[in-house]
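Spelled out from the first residue to the last, the chains are:
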Amino acid sequence: TAIVPPIYTYLLAFLFNIFGVHSIAAGYAAYALNVVFSTLIVWPLARLGSAIDSPRLGILAALLWALYPLTGFSDVLLVWDTSLFALLVALSVLATVLMRTRTDLRSWSGYGFLIGAMVVTETVGVIVAGCAVIWLFFFSQGPRRYQLAAVLIMGAMLLPWSIRNTIVFGQPMFLRSNLGLELYESINYNDLESVEAEKPIAP
């Protein structure tokens, strides 16, 4: 779609293909995947503590995530990419910390793929990706050419969706999101509410 990036969209299409379009079974499967994604987040959180030489902090973060009531509530409330994106962000942050000492092309290529997957899951991930790349530029021991390879891989993963958006909208389009609309609504909420209230009611 124009707003939702392709990864979770294709995942739902896969579930619809197996369980039936908009079927109850497909809905249960989507909720179950949300729970699995959300549950898996405890691993990168715990591992992140060890990566920054604070294992207890990592375990505490994982426990807080596991016990936070709204975590499980949101997993079975909405069929949306929230849990998958949260998992990819947690993995990306962990990978960014670990990449400080990695000097092999395989690790950097995998890192580029992970960061690209995060952005193609939710466009706001481009902020996380940008901060991670800048941080690694200053603090990583990896060769610059490997860092460039990771950025190119991330860009290659964004390219098909960007081309699709450019074709559909008839103008160059890097990414598409509803950030502008949400900012507008949050700033002008009362105005929009009054406009909705003034709309004539159809007979």
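Nothing here was measured: the structure is a model prediction, and the numbers come from that model.

A. Spatial organisation of the side chain of Ser-140. By secondary structure assignment, the location of Ser-140 is in the loop between helix H8 (125-139) and helix H9 (144-169). Residue classification places Ser-140 among the buried positions, given a relative accessible area of 12%. At 3.3 Å, the side chain of Ser-140 forms a polar contact with the backbone oxygen of Met-99. A distance of 3.0 Å separates a polar side-chain atom of Ser-140 from the backbone nitrogen of Gly-142. Those residues in contact with Ser-140, other than ones at most four positions away along the chain, are Met-99, Arg-100, Trp-108 and Gln-147.

B. Expanded view of the packing of aromatic side chains. As enumerated under the stated definition, the model contains three aromatic pairs in all. The cationic tip of Arg-144 hangs over the ring face of Phe-137; the distance from NZ or CZ to the ring centre is 4.1 Å. Seen from the ring of Tyr-146, Arg-145 lies directly overhead, with NZ or CZ sitting 4.8 Å from the centre.

C. Seen up close, H8. Along its 15 residues, H8 runs 21 Å from first to last C-alpha, staying within 8% of the 21 Å computed at 1.5 Å per residue. Taken together, the buried positions of H8 are Gly-125, Ala-129, Ala-132 and Leu-136. Down the axis of H8, the smallest arc covering the buried residues is 65°, so these residues share one side. Of the exposed residues in H8, those oriented more than 90 degrees away from the buried face are Ile-127, Cys-131, Ile-134 and Phe-138. Close packing links the buried residues of H8 with helix H6 (82-98), helix H7 (105-121) and H9.

D. Helix H3 (residues 42-51), seen in detail. For H3, every residue scored as buried is listed here: Pro-44, Leu-48, Gly-49 and Ala-51. Along the long axis of H3, the arc covered by the buried residues comes to 160°, so they all point the same way. Just past H3, the residue Asp-53 takes up positive phi, approximately 65°.

E. Representation of unusual backbone geometry in the model. Phi is positive for His-22, which is not a glycine, with a value near 55°. Tracing the backbone shows His-22 in the loop between helix H1 (6-19) and helix H2 (24-40). Positive phi, normally seen in glycine, also occurs at Asp-53, with a value near 65°. The residue Asp-53 is located in the loop between H3 and helix H4 (55-67) in this model. Owing to a relative accessible area of 71%, Asp-53 belongs among the exposed residues under this scheme.

F. Up close: the environment of Phe-137. Tracing the backbone shows Phe-137 in helix H8. Taking the relative accessible area as the measure of exposure, Phe-137 reaches 41% and is therefore partly exposed. Phe-137 sits 55 residues away from Thr-82 along the chain, and the two C-alpha atoms are 29 Å apart. When near neighbours in sequence (up to four residues on either side) are disregarded, Phe-137 contacts Arg-144 and Gln-147.

G. Region of interest: empty space enclosed by the protein. Across all of its chains, the model carries one cavity of 30 Å³ or more by this definition. Approximately 80 Å³ is the volume found for the largest cavity. Around the largest cavity, the lining residues are Trp-108, Tyr-111, Gly-112, Ile-115, Val-133, Leu-136, Gln-147, Ala-150, Val-151 and Met-154.

H. Structural context of the packing of H2 against H6. With their axes 8 Å apart at the nearest point, H2 and H6 run at an angle of 20° to one another. With respect to H6, the element H2 is oriented roughly parallel. Here the hand of the crossing between H2 and H6 comes out left-handed. Residue-level contacts link Asn-34, Phe-37, Ser-38 and Leu-40 of H2 to Ser-83, Leu-84 and Leu-87 of H6.

Thresholds, definitions, all that
Residues numbered from 1 in each chain as written. Predicted model: local features only at pLDDT ≥ 70, side-chain atom pairs only at ≥ 80, totals over all residues. Heavy atoms only, no water. Helix = DSSP H or I, 4+ residues; strand = E, 2+ residues; numbered from the N terminus. Buried < 20%, exposed > 50% of the residue type's maximum accessible area, 1.4 Å probe, protein only. Polar contact = N/O pair within 3.5 Å; in protein donor to acceptor, adjacent residues only side chain to side chain. Contact = heavy atoms within 4.5 Å. Phe/Tyr/Trp six-rings, centres within 6.5 Å; stacked < 30°, edge-to-face > 60°. Lys NZ or Arg CZ within 6 Å of the ring centre and 35° of its normal. Expected span 1.5 Å × (residues − 1). Arc of directions from axis to C-beta. 1 Å grid on protein atoms, 1.4 Å probe; cavity = no way out; pocket = protein on both sides within 12 Å on 5 of 7 lines; lining within 4 Å. Points joined across faces, edges and corners; volume = space filled by probe spheres on them. Axes fitted to C-alpha atoms, helices over the stretch in contact; angles between N-to-C directions. Parallel < 35°, antiparallel > 145°, perpendicular 65-115°, else oblique. Left-handed = near helix turned anticlockwise from the far one by under 90°.

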